Amino acid sequence: LERQLLMQNQMRERQTAMQIAWTREFLKYFGTFFGLAAVGLTAGAIKKKNPGVLLPIVPLSFIFAYQYDMGYGTLLQRIKGEAENILDTQSTLLQLPKGPLTYEDLEKIRRSQSKFFIEK
């Protein structure tokens, strides 16, 4: 059991590391796009003398800030802290509808789905 727990923890850590690495890689491409879009929209706003052209920068900046916080900031630490808070103080939110699944429930489902099962 201890080996299984260690293996599951290693898999979780590797998946989290992959998620962070993916976010950092995405941030490189999105940061480049954001920079080019900001320069292009600023030039367009100056050329057309219309500040409304800059409006798309607002949502793009929120996406950029979120990705940066996820890849290099403290977002994961804040998420972990909030998850620990939920586990400690709001555990009723984590309960499954109709309670935990039991062996008897699984057997009833299996019997109802079996085409060849004959009830005695």
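Residues numbered from 1 in each chain as written. Predicted model: local features only at pLDDT ≥ 70, side-chain atom pairs only at ≥ 80, totals over all residues. Heavy atoms only, no water.

## Some words on the UniProt feature "transmembrane region" (unreviewed entry) in the protein
Within the UniProt annotation, "transmembrane region" (unreviewed entry) is assigned to residues 26-46 and 52-68. Taken end to end, residues 26-46 is 100% helix and 0% strand, and its first and last C-alpha atoms sit 30 Å apart. In residues 52-68, helix accounts for 71% and strand for 0%; the two terminal C-alpha atoms are 26 Å from one another. (UniProt positions renumbered as here; feature names shortened; annotations may be inferred. Helix = DSSP H or I, 4+ residues; strand = E, 2+ residues; numbered from the N terminus.)

## As for the packing of aromatic side chains
Applying the stated rule across the entire model yields six aromatic pairs. Aromatic side chains Y68 and Y72 sit 5.6 Å apart centroid to centroid with 35 degrees between the ring planes, which places their arrangement in the tilted category. One end of the pair, Y68, and the other, Y72, are both in helix α2 (residues 57-72), four residues apart, so they sit about a helical turn from each other. The class of Y68 is partly exposed, set by a relative accessible area of 45%. Site record: aromatic cluster; members linked through ring pairs are W22, F26, F30, F33, F34 and F64. (Phe/Tyr/Trp six-rings, centres within 6.5 Å; stacked < 30°, edge-to-face > 60°. Buried < 20%, exposed > 50% of the residue type's maximum accessible area, 1.4 Å probe, protein only.)

## Topic: the packing of helix α1 (residues 2-48) against α2
With their axes 9 Å apart at the nearest point, α1 and α2 run at an angle of 155 degrees to one another. Judged by the angle between their axes, α1 and α2 are roughly antiparallel. With respect to the hand of their crossing, α1 and α2 are arranged in left-handed fashion. Classifying every residue of the contact of α1 with α2 by side-chain character gives 16 nonpolar, seven polar and one charged. (Axes fitted to C-alpha atoms, helices over the stretch in contact; angles between N-to-C directions. Parallel < 35°, antiparallel > 145°, perpendicular 65-115°, else oblique. Left-handed = near helix turned anticlockwise from the far one by under 90°. Nonpolar A, V, L, I, M, F, W, Y, C, P; charged D, E, K, R; others polar.)

## What to know about unusual backbone geometry
Unlike most non-glycine residues, K49 shows phi in positive territory, near 55 degrees. Its location among the elements puts K49 in the loop between α1 and α2. The class of K49 is exposed, set by a relative accessible area of 74%. Even without being a glycine, K98 presents a positive backbone phi close to 65 degrees. One can find K98 in the loop between α3 (75-89) and α4 (103-113).

## Regarding the side chain of D69
Summarising the element assignment, D69 is placed in helix α2. In this structure D69 comes out as buried when scored by relative accessible area, which is 18%. Side-chain polar atoms of D69 contact the backbone nitrogen of L75, separated by 3.3 Å. D69 has contacts with T74, L75 and R78, leaving out every residue within four places of it along the chain. (Polar contact = N/O pair within 3.5 Å; in protein donor to acceptor, adjacent residues only side chain to side chain. Contact = heavy atoms within 4.5 Å.)

## Focus: the packing of α2 against α3
Between α2 and α3, the least distance of the axes is 6 Å, while the angle of their chain directions is 80 degrees. In terms of axis orientation, α2 runs roughly perpendicular to α3. Residues Y66, D69 and M70 of α2 touch α3, and the partners they reach there are L75, L76 and R78. Partitioned by chemical class, the residues of the contact of α2 with α3 number four nonpolar, no polar and two charged.

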